[in-house]
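Listed below are the residues making up each chain.
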Amino acid sequence: MSLGSLSGKRGGNEQHAARITLRPPTVIGQFHTLFFGSVRMFFLGVLGFAVYGNEALHFSCDPDRRELNLYCYNQFRPITPQVFWALQLVTVLVPGAVFHLYAACKNIDQEEILERPIYTVFYIISVLLRIILEVIAFWLQSHLFGFQVHPLYMCDASALEKAFNVTKCMVPEHFEKTIFLSAMYTFTVITILLCIAEIFEILCRRLGYLNNQ
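What counts, and at which threshold
- Residues numbered from 1 in each chain as written.
- Predicted model: local features only at pLDDT ≥ 70, side-chain atom pairs only at ≥ 80, totals over all residues.
- Heavy atoms only, no water.
- Salt bridge = Lys/Arg side-chain N within 4 Å of Asp/Glu carboxyl O.
- Helix = DSSP H or I, 4+ residues; strand = E, 2+ residues; numbered from the N terminus.
- Buried < 20%, exposed > 50% of the residue type's maximum accessible area, 1.4 Å probe, protein only.
- Polar contact = N/O pair within 3.5 Å; in protein donor to acceptor, adjacent residues only side chain to side chain.

**Student:** Just give me the short version of the pattern of salt bridges, but keep the residues and values in it.
**Tutor:** Counted by the stated rule, this structure contains six salt bridges. Arg 40 serves as the salt-bridge partner of Glu 134, at 2.9 Å between the closest nitrogen and oxygen. Of this pair, Glu 134 sits in helix H7 (residues 117–145) while Arg 40 is found in helix H2 (residues 27–52), placing the two residues 94 residues apart along the sequence. Both residues of the pair, Glu 134 and Arg 40, belong to the buried class. Glu 67 serves as the salt-bridge partner of Arg 65, at 2.5 Å between the closest nitrogen and oxygen. Several salt bridges share partner residues, and in doing so they unite Glu 55, Arg 77, Glu 173 and Lys 177 into one network.

Now the structure itself:
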């Protein structure tokens, strides 16, 4: 084999590899990635820290004793919202990341995902898994944090000391937390709607590809 044919083959492989990207094969999927990766993470990383960063320090009960404050805060927050939402973001990313990793290893480009039925089915399954994970996260969030943060929290501290019984605790910046909580619910709903719209786009483009054959 000549040197020219080897370089031509290598150049063809490099051009094919250049076409292999980890972007979603649909317009809605690419918008979802942009929305997911920029707006949602920025909102959680920057504003989430500003709203929830010092919550434990400013959470106070009556009487204002350190051990009581810590006990009641752990009762009030079984898991901190920042940790929950970070886990949600990472978990929801997993199905898409696994599929795109598989596509990269197999040198599957965007058009092949829509042209070959097996790849289309696998991609739709990854989107459906994202929807299921978002729905589960929405349900867990509603049970852990509710839909509104009240200024007072009634803490049952009898297990810590019987003299405490039920004590009142002040929740700092409750109004800002309610707004932030509503925003995170909204982001989850928007993500679910984008995933559903992406499935419809995949099916429509798949039907269009079959009709053109």
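**Student:** Give me the lowdown on the environment of Arg 65, citing residues and values where you can.
**Tutor:** With respect to the element layout, Arg 65 can be found in the loop between strand E1 (60–61) and helix H4 (66–76). Of note is the side chain of Arg 65, whose polar atom sits 2.5 Å from the side chain of Glu 67.

That's the geometry; what it means functionally is another story.
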